[in-house]
Amino acid sequence: MALGTNAPSAGSLIALRFDWLQDELPAGPWPEALRDGLCAAMKNIGWNAVHQGEFGPLERLYRDFTVLFPRLLVDRGDVDRGADLYTLLHIMLWRRTQVLSELKRFNDDVVRPFITYLSRHFDRQAPRNASRDVPRIAYLSETSDLFGPNAVARITVSLMLGQQEMREEADWPILYCINKPAQSLWDFAGEFGLSIRDMARATPSQTVEAVIAQLKADEIDILIADSNCAVATMVLQRRPARIQAFHENGFAAWAIPDLDLAFLGITQPSPDLFDDAVAMLQTPRNTAFVFQKIERPEASIAAVRGLLCTESGIARPSVVYGVYGRMAKITADYMVQVEAILLRDPDAIFFAGGTGRISPIIACKQASPVGDRMVIYNDFIDGHVIAECIDVFLDSFPFPGGMSCIEVQARGVPVVWMAPPPQSEQLIIGDQRDPRLKARDGDHYVALARQAADPDQWVGFGATAVEIANRFGDMREQAMLVEGHLATAWARARQDGRLAA
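Reading guide: rules and limits
- Residues numbered from 1 in each chain as written.
- Predicted model: local features only at pLDDT ≥ 70, side-chain atom pairs only at ≥ 80, totals over all residues.
- Heavy atoms only, no water.
- Helix = DSSP H or I, 4+ residues; strand = E, 2+ residues; numbered from the N terminus.
- Expected span 1.5 Å × (residues − 1).
- Buried < 20%, exposed > 50% of the residue type's maximum accessible area, 1.4 Å probe, protein only.
- Arc of directions from axis to C-beta.
- Contact = heavy atoms within 4.5 Å.
- Phe/Tyr/Trp six-rings, centres within 6.5 Å; stacked < 30°, edge-to-face > 60°.
- Pairing = 2+ DSSP bridges.
- Axes fitted to C-alpha atoms, helices over the stretch in contact; angles between N-to-C directions.
- Right-handed = clockwise from strand over helix to strand, strands pointing away.
- Core = buried A, V, L, I, M, F, W, Y, C linked by side-chain atoms within 4.5 Å.
- Parallel < 35°, antiparallel > 145°, perpendicular 65-115°, else oblique.
- Left-handed = near helix turned anticlockwise from the far one by under 90°.

What about helix α10 (residues 298-312)?
The terminal C-alpha atoms of α10, which comprises 15 residues, lie 22 Å apart, in line with the 21 Å expected from a rise of 1.5 Å per residue. Every buried residue belonging to α10 is among Ile301, Val304, Leu308 and Ser312, and all of these are buried. The buried residues of α10 all sit within an arc of 65 degrees when viewed along its axis, so they share a single face. Relative to its buried face, α10 has exposed residues pointing more than 90 degrees away, namely Ala299 and Thr310. Looking at the buried residues of α10, the elements they touch are β8 (319-324), β9 (348-353), β10 (374-377) and α13 (383-386).

Digging into the packing of aromatic side chains
Applying the stated criterion to the full structure yields 15 aromatic pairs. Aromatic side chains phenylalanine 18 and tryptophan 20 sit 5.3 Å apart centroid to centroid with 20 degrees between the ring planes, which places their arrangement in the stacked category. In this structure phenylalanine 18 comes out as buried when scored by relative accessible area, which is 9%. Take tryptophan 20: its relative accessible area is 14%, and that puts it in the buried class.

Here we look at the sheet that holds β9
With parallel pairing, the six strands of this open sheet are ordered in space as β10-β9-β8-β11-β12-β13. Single-partner strands in this sheet number two, and they are β10 and β13 (438-439). With six bridges connecting them, β8 and β9 associate as parallel partners. Residue pairing across strands places valine 323 opposite alanine 352, the latter belonging to β9. In the packing of helix α11 (residues 332-343) onto the sheet, contacts are made with β8, β9, β10 and β11 (392-394), and the angle to β9 comes to roughly 155 degrees. On the sheet, helix α12 (residues 359-367) packs against β9 and β10 and is oriented at approximately 150 degrees with respect to β10.

Points about the pairing of β8
β8 sits mainly inside the fold: six of its six residues count as buried. Residues of β8 alternate between two faces, with Val319, Tyr321 and Val323 on one and Val320, Gly322 and Tyr324 on the opposite face, all of them buried. Taken together, β8, α11 and β9 form a β-α-β motif whose crossover is right-handed. As paired strands, β8 and β11 are joined by two bridges and run parallel to one another.

Remarks on unusual backbone geometry
Residue proline 398 follows phenylalanine 397 across a cis peptide bond; omega there is 5 degrees. With respect to the helices, strands and loops of the structure, proline 398 is situated in the loop between β11 and α14 (403-410). Even without being glycine, arginine 239 reaches a positive phi, approximately 55 degrees. Here arginine 239 is to be found in the loop between α8 (230-237) and β5 (243-248). Take arginine 239: its relative accessible area is 15%, and that puts it in the buried class. Phi is positive for aspartate 272, which is not a glycine, with a value near 75 degrees. With respect to the helices and strands, aspartate 272 occurs in the loop between β6 (261-264) and β7 (279-282).

A look at the nonpolar core
With 69 residues, the main nonpolar core has Trp254 and Phe274 as its most contacted residues. Per element, the largest residue contribution to this core is eight residues, and it comes from helix α3 (residues 79-96). With 55 residues, the next largest nonpolar core counts Val304, Ala348, Ala352 and Cys364 among its residues.

Describing the packing of α14 against helix α16 (residues 455-471)
It is at 7 Å that the axes of α14 and α16 come closest, and there the two elements cross at 120 degrees. Put simply, α14 runs oblique to α16. You can see that α14 and α16 cross each other, and the crossing is left-handed. Listed contacts from α16 to Ile406, Gln409 and Ala410 of α14 are Ala465, Val466, Ile468 and Ala469.

Let's talk about the sheet that holds β6
Pairing in this open sheet of seven strands is parallel, and the strands run β3-β2-β1-β4-β5-β6-β7 from one edge to the other. Taken across any chain shown, the strands that pair with only one partner, and hence form the sheet edges, are β3 (195-198) and β7. With direction set aside, neighbouring strand axes in the sheet form an average angle of 25 degrees. Bridging between strand β4 (residues 222-225) and β5 involves four bridges; their strand directions are parallel. Note that in β5 the partner of leucine 223 across the bridge is glutamine 244. The sheet strands contacting helix α7 (residues 204-217) are β1 (137-141), β2 (174-177), β3 and β4, and the helix crosses β2 at an angle near 165 degrees. Contacting β1, β4 and β5, α8 runs over the sheet at an angle of about 155 degrees to β4.

As C-alpha cells, then:
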C-alpha cells in the first residue's frame with residue numbers, strides 16, 4: 001500500500017478497519033482533518049504501547065501503523081506529522097527487536113515511503129563547491145546528554161575528540177544537536193574545546209530549516225549523522241553538504257539515496273541496510289574515553305550496593321552478576337542460564353536494569369526457586385553507578401550489549417558473552433570482549449560465568465577487561481580510520497568538481 005511518486009487516487013485505496021479504532025476508515029483520499037486526528041490517535045496508542053513494552057501489542061500496532069503511514073503523507077503540511085510517526089515507528093521497532101536483521105524491515109516500512117513523500121515536496125540544495133584542502137565537518141546528533149540512557153552522544157563525542165587531535169583547531173568538527181543540549185554537555189564541551197550548535201526548535205520541520213541554514217553559515221562540506229532519525233532523514237534528503245555520511249550505532253538500516261558513506265562501528269556490511277550506492281566502511285568504535293573521564297558518583301554507588309543486598313536478602317553476596325541496557329534484549333533462554341548460575345551458588349545475586357519489556361524477567365523471577373535473588377529495575381540505570389556494583393556482567397544474546405559492555409570493562413568487570421551465530425551482523429563485537437569468556441552454548445555460558453566469578457581468576461579477567469576498555473578509550477584509532485575515508489571521499493569530490501567545471 002506504499003505510495004508511488006504521485007498522491008494516490010481514490011480508486012487505489014480501500015476502506016480500512018482496525019481493532020484499536022472505533023470507526024472504519026473511509027477509502028480516501030483522506031482530508032487533512034482526518035489525517036490529523038488519525039495521527040494523534042496513533043501517537044497516543046503507540047506511545048502507550050512503547051511505555052508498556054510488551055512485544056505482542058508493539059508488533060501488531062507497528063504492522064497496522066506502517067500500512068497507514070504512507071496514506072498520511074499527502075500534502076507538504078503533513079511533514080511534521082510524518083516526522084512524529086517516523087519517530088514513533090522507529091522506537092516501536094527498536095523496543096521489540098531481539099535480532100539485528102529484523103531492523104532491515106524499517107527501510108521498506110518507513111524510510112522509503114517517507115523519502116518518497118519528502119522528494120515530492122522538498123527540493124535538494126545546490127551543492128557547495130569542493131574547494132578547500134581540508135573539508136569542514138559537522139556531526140548531526142539526536143542525543144544531547146553525556147549522562148543519559150542513550151550512549152550515542154558519548155560515542156560521537158569520543159570520535160570528535162579523536163579528530164580534534166588530528167586537525168588544526170580551525171578545522172575541528174562541530175556538533176549539531178537536534179535536541180537541546182544538556183548542561184553537562186555544555187560543561188564538557190567547554191573543558192575539551194568542542195564546538196556545539198543548539199538546533200532544537202519547536203517542530204521537526206523548523207529544526208530542519210535551522211540546521212540547513214546553520215550548515216550554510218558554517219560552510220560545512222561534510223555532514224555526518226549519528227542516527228537514522230526523522231530529522232536526520234529530512235536534512236540529508238535536502239542534500240545540504242557535498243558529502244553525507246552515517247556513523248551507525250546499532251540501528252543501521254537507512255536506505256536513503258542521499259547518503260554517500262556509512263561508517264559501521266558495530267554492524268558488519270550487509271545487503272539491504274543502505275541504498276546500493278552507499279560505501280559501507282568498517283570503523284570499530286573507540287568509545288570508552290568519555291565514560292572514563294566522568295567522575296564516579298560515590299554516594300549513589302554505595303546506595304545501590306545497599307539496595308541490592310536489601311532486595312535480595314543476601315547481606316554479603318558472594319558475587320553480583322548483572323546486566324543493564326535495553327530490556328528487549330533479554331530473552332527467556334537468557335533467563336534460563338541466569339537461573340542455572342544462581343542455583344549453583346546460594347549466595348550469588350543477579351541484577352537486571354533498563355527500560356523496555358521486562359515480562360520474561362519477571363516471569364522467571366516469580367517462577368524460579370532463586371527468584372528472590374533476582375533484583376529487577378525497570379528504568380534507566382546509570383552505567384557509572386551499576387558498573388561499580390556488578391562483579392560479572394552477563395551479556396545478552398542473541399542481541400549483544402553495546403556501550404554497556406565497554407563501560408563495565410572500564411571498571412574492571414569481566415564480560416561473559418555468547419558467540420554470535422555465523423554470518424551475524426554483529427560478529428565485530430568479538431573485538432570488544434575477552435575471547436576466554438566466549439560461550440559456545442548455554443551450558444558453557446553458565447560454566448564461564450562461574451569461572452569468571454572465581455576469586456582466584458576474577459582479578460586476571462578484570463585486568464583483561466581494563467586492557468580492552470583502555471584500547472577502546474584511544475579515540476585516535478577510529479578517528480584515523482574515519483579521517484582516512486573522508487580524505488579519500490573529499491579528494492574524489494574535488495576531482496569530480498574539477499571535471500564538471
